[in-house]
Amino acid sequence: MVHTFKIKDTAIAVDVASGAVHVVSDIALDIIRQFDEKPGEDCPDWLFERLDSYPMDEIKEAYDEVYQLCKANLLYTDDAYAQIAAETRKQPLVKALCLHVSHDCNLRCGYCFAGTGNFCGERCIMSEETGKKAIDFVIKRSGKRRNIEIDFFGGEPLMNFEVVKKLTAYAREQEKIHNKNFRLTLTTNGVLLDEDKLDFINEHMSNLVLSIDGRKSVNDHMRKTVSGEGSYDVIMPRLKRAAQSRNQDNYYVRGTFTRHNLDFCADVLHLANEGFKQISVEPVVGGADCGYAIREEDLPLVYDQYEQLAEEILQRNQDGRRFNFFHFMIDLTQGPCVIKRMSGCGAGCEYVAVTPEGDIYPCHQFVGNDGFLLGNVYADDYSAEKTQMFADANVYTKPKCAECWAKFYCSGGCHANAYQFGGDIKAPYEIGCAMERKRVECALYIKAKNAE
Amino acid sequence: MKHIKTLCGGVLKASAAKGGCGECQTSCQSACKTSCTVANQKCEKSV
């Protein structure tokens, strides 16, 4: 499978199965677009008729280059990974925890998938004992995997920071005993992020995710305090200090855009203008009837915004105002192996969420959905059988993914999104897919322009 | 080549042979928590 696209004057061909990416001339682009399968050595006569706006010798020359790439297995490569996918995760191990240390929050965000922090249950915080049980659980279930991730999540985890500190100490103690390497991260809205907490986080957390949506008006429209006021003025100075204290690395400011701010490029640039160097802003997850979810008719505007953002990033790369946009960061040479790329986020098998009550769910987005309860850390009733549906989900068992050129860049999309919109974790959320494909195209476009 | 400039050669097939150790970061834990961009993750063996 070969995917071709053009942004401004740059035409690109992606050979999906090999991962090869080529910048091509207009003639080569038009030639490649004539073939669904690997072309033969001799340029067919019908090609001259179809592409009669080009000189024949130019067509022959470009055709020969296309053929040479085919011979080198860099174009129209056969996809031979389906069998590998079937063999993967036959005995899934748990290697990552989303630890819900607080099912309470000090903000009341309009789009919160967690029902403003409590996940539609009682507002509560995790006990030290339950957190330790969760850590014991992941150690037991991780087999020989050495690297284990724990994200302190909520609600708002800083509302239960004493337990975060105790669980950090426990993880450090246990990793020595069990020959593990715990990578700890924390996701916060920043409201309670004072100097003491920041010092502790900087000492122990390998990544820090800081929630803010961008411009004050945009942020404050959705991210409100309990009393209904905007949160921007409270959090912005704290987040800036946090980013600076981590030397502008190993953190992300993470925003959400909705159909209320389809001009989200301005929000990304606002965060960049405020000095942040690691930025992730992405579309909201919400049901079709919520009013703020991205709709199909919004897509042309969203695509235009991503292209504008790509141009701005190229400009800023040149003039010293460089910043990273999470979804445009693609490592073409040293990225993950194809096995990782075909098997996705790992929710429900390699990655689970644990609630303050100790309940285990496939991921944070499924918390509170009783049909997806996988067990409890106190009961020792976790069953790999219950998680088989997630272990089996890969880009070959999702029919739409198998046909998609971007499958090895996105790995099959978010199970929770798919379930929320289509009632099936193997039926990807189409609008999300469309936006992801555009992000990948823009990321490759940036690579191409930087290589000029 | 005059008409084609290769930005990146085929790296996926070789990665299938030696990949799958599972030691790398879970993609959802990185920054997104909803989307699944995986190609920006690092291979643990290249870190």
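A. Main features of the overall build of chain A. Across its full length, chain A carries 17 helices and 15 strands. For 452 residues, the compact-globule formula gives about 22 Å, and the C-alpha radius of gyration of chain A, at 24 Å, lands near that figure. Expressed as lengths along the three principal axes of its C-alpha atoms, the size of chain A is roughly 75 × 45 × 45 Å. For chain A, the residues scored as buried account for 59% of the 452 residues in total. For chain A, the share of sequence-separated contacts (at least 6 apart) that also reach a separation of at least 24 residues comes to 70%. For chain A, the distance from the average position of its 53 positive side-chain charges to the average position of its 68 negative side-chain charges is 6 Å.

B. Highlighting the pairing of strand 9 (residues 207–211) of chain A. All names here are of chain A. Among the 5 residues that make up strand 9, 5 are buried, leaving the element largely enclosed by the rest of the structure. The side-chain alternation of strand 9 yields two buried faces, one formed by Asn207, Val209 and Ser211 and the other by Leu208 and Leu210. Traced from strand 8 (residues 181–188) through helix 7 (residues 195–204) to strand 9, the parallel crossover comes out right-handed. Looking at chain direction, strand 9 and strand 10 (residues 251–257) are connected through 4 bridges and run parallel. Bridging from a neighbouring strand, Val209 pairs with Tyr252 of strand 10.

C. Representation of the pairing of strand 10 of chain A. Residues and elements named next belong to chain A. For strand 10, the tally of buried residues reaches 7 of 7 residues, placing the bulk of the element in the interior. Neither face of strand 10 is open: one carries Tyr251, Val253, Gly255 and Phe257, the other Tyr252, Arg254 and Thr256, and all of them are buried. Bridge analysis of strand 10 against strand 11 (residues 278–283) gives 5 bridges, and the strand direction is parallel. Looking across to strand 11, one finds that Thr256 is bridged to Glu282. Traced from strand 10 through helix 10 (residues 265–273) to strand 11, the parallel crossover comes out right-handed.

D. Up close: the sheet that holds strand 3 (residues 20–24) of chain A. One open sheet accounts for 4 strands, arranged 1(A)-2(A)-3(A)-1(B); its pairing is antiparallel. Looking at which strands have only one partner, the edges of the open sheet turn out to be strand 1 (2–7) of chain A together with strand 1 (4–8) of chain B. Each strand axis lies, on average, 25° off the axis of its neighbour in the sheet, ignoring direction. Judged from the 4 bridges that link them, strand 3 of chain A and strand 1 of chain B form a sheet pairing that is antiparallel. Looking at the pairing, Val24 of chain A lines up with Ile4 of chain B of strand 1 of chain B.

E. Spatial organisation of the side chain of Asn189 of chain A. Residue and element names in this part refer to chain A. By secondary structure assignment, the location of Asn189 is in the loop between strand 8 and helix 7. A distance of 2.8 Å separates a polar atom in the side chain of Asn189 from a polar atom in the side chain of Asn106. Only 2.9 Å separates the side chain of Asn189 from the backbone nitrogen of Val191, close enough to count as a polar contact.

F. Representation of the interface of chain B and chain A in the model. At the interface, 42 residues of chain B touch 77 residues of chain A. For the pair chain B and chain A, the summed buried area comes to about 5,000 Å², and 55% of that belongs to carbon and sulfur atoms. Linking chain B with chain A are 4 salt bridges, by the criterion used here. Between Arg183 of chain A and Glu44 of chain B there is a salt bridge; the shortest N-O distance is 2.6 Å. Viewed at the interface, chain A and chain B are joined by 26 residue pairs in polar contact (both at pLDDT 80 or more). Here the element with the most residues in the side of chain B that touches chain A is strand 1 of chain B; it accounts for 5 residues.

G. Main features of the packing of aromatic side chains. All names here are of chain A. With the rule as written, the count across this model stands at 19 aromatic pairs over all chains. Taken together, the ring pairs in this structure connect Phe257, Phe264, Tyr306, Phe325 and Phe328 into an aromatic cluster. For Lys407, the ring lying beneath its charged end belongs to Phe408, and the centroid distance is 5.5 Å.

H. Layout of helix 17 (residues 430–450) of chain A. Helix length check: helix 17 of chain A, at 21 residues, gives a terminal C-alpha distance of 30 Å against a target of 30 Å (1.5 Å per residue), a fit within 8%. A large share of helix 17 of chain A lies buried, amounting to 16 of its 21 residues.

I. Examining the packing of helix 6 (residues 161–178) of chain A against helix 7 of chain A more closely. Residues and elements named next belong to chain A. It is the contact of helix 6 with helix 7, at a shortest axis distance of 12 Å, that shows an interaxial angle of 25°. Compared by their axis directions, helix 6 and helix 7 come out roughly parallel. Viewed along their axes, helix 6 and helix 7 form a crossing whose handedness is left-handed. For the pair helix 6 and helix 7, the contacting residues are Phe161, Lys165, Thr168 and Arg172 in the first and Lys197, Phe200, Ile201 and His204 in the second. A breakdown of the residues in the contact of helix 6 with helix 7 according to their chemical character gives 3 nonpolar, 2 polar and 3 charged.

Reading guide: rules and limits
- Residues numbered from 1 in each chain as written.
- Chains lettered and ligands numbered in written order.
- Predicted model: local features only at pLDDT ≥ 70, side-chain atom pairs only at ≥ 80, totals over all residues.
- Heavy atoms only, no water.
- Helix = DSSP H or I, 4+ residues; strand = E, 2+ residues; numbered from the N terminus.
- Rg over C-alpha atoms; globule rule 2.2 N^0.38 Å.
- Buried < 20%, exposed > 50% of the residue type's maximum accessible area, 1.4 Å probe, protein only.
- Contact = heavy atoms within 4.5 Å.
- Lys, Arg positive; Asp, Glu negative; His and termini not counted.
- Charge placed at Lys NZ, Arg CZ, Asp CG, Glu CD.
- Right-handed = clockwise from strand over helix to strand, strands pointing away.
- Pairing = 2+ DSSP bridges.
- Axes fitted to C-alpha atoms, helices over the stretch in contact; angles between N-to-C directions.
- Polar contact = N/O pair within 3.5 Å; in protein donor to acceptor, adjacent residues only side chain to side chain.
- Buried area = accessible area lost by both parts, 1.4 Å probe.
- Salt bridge = Lys/Arg side-chain N within 4 Å of Asp/Glu carboxyl O.
- Phe/Tyr/Trp six-rings, centres within 6.5 Å; stacked < 30°, edge-to-face > 60°.
- Lys NZ or Arg CZ within 6 Å of the ring centre and 35° of its normal.
- Expected span 1.5 Å × (residues − 1).
- Parallel < 35°, antiparallel > 145°, perpendicular 65-115°, else oblique.
- Left-handed = near helix turned anticlockwise from the far one by under 90°.
- Nonpolar A, V, L, I, M, F, W, Y, C, P; charged D, E, K, R; others polar.

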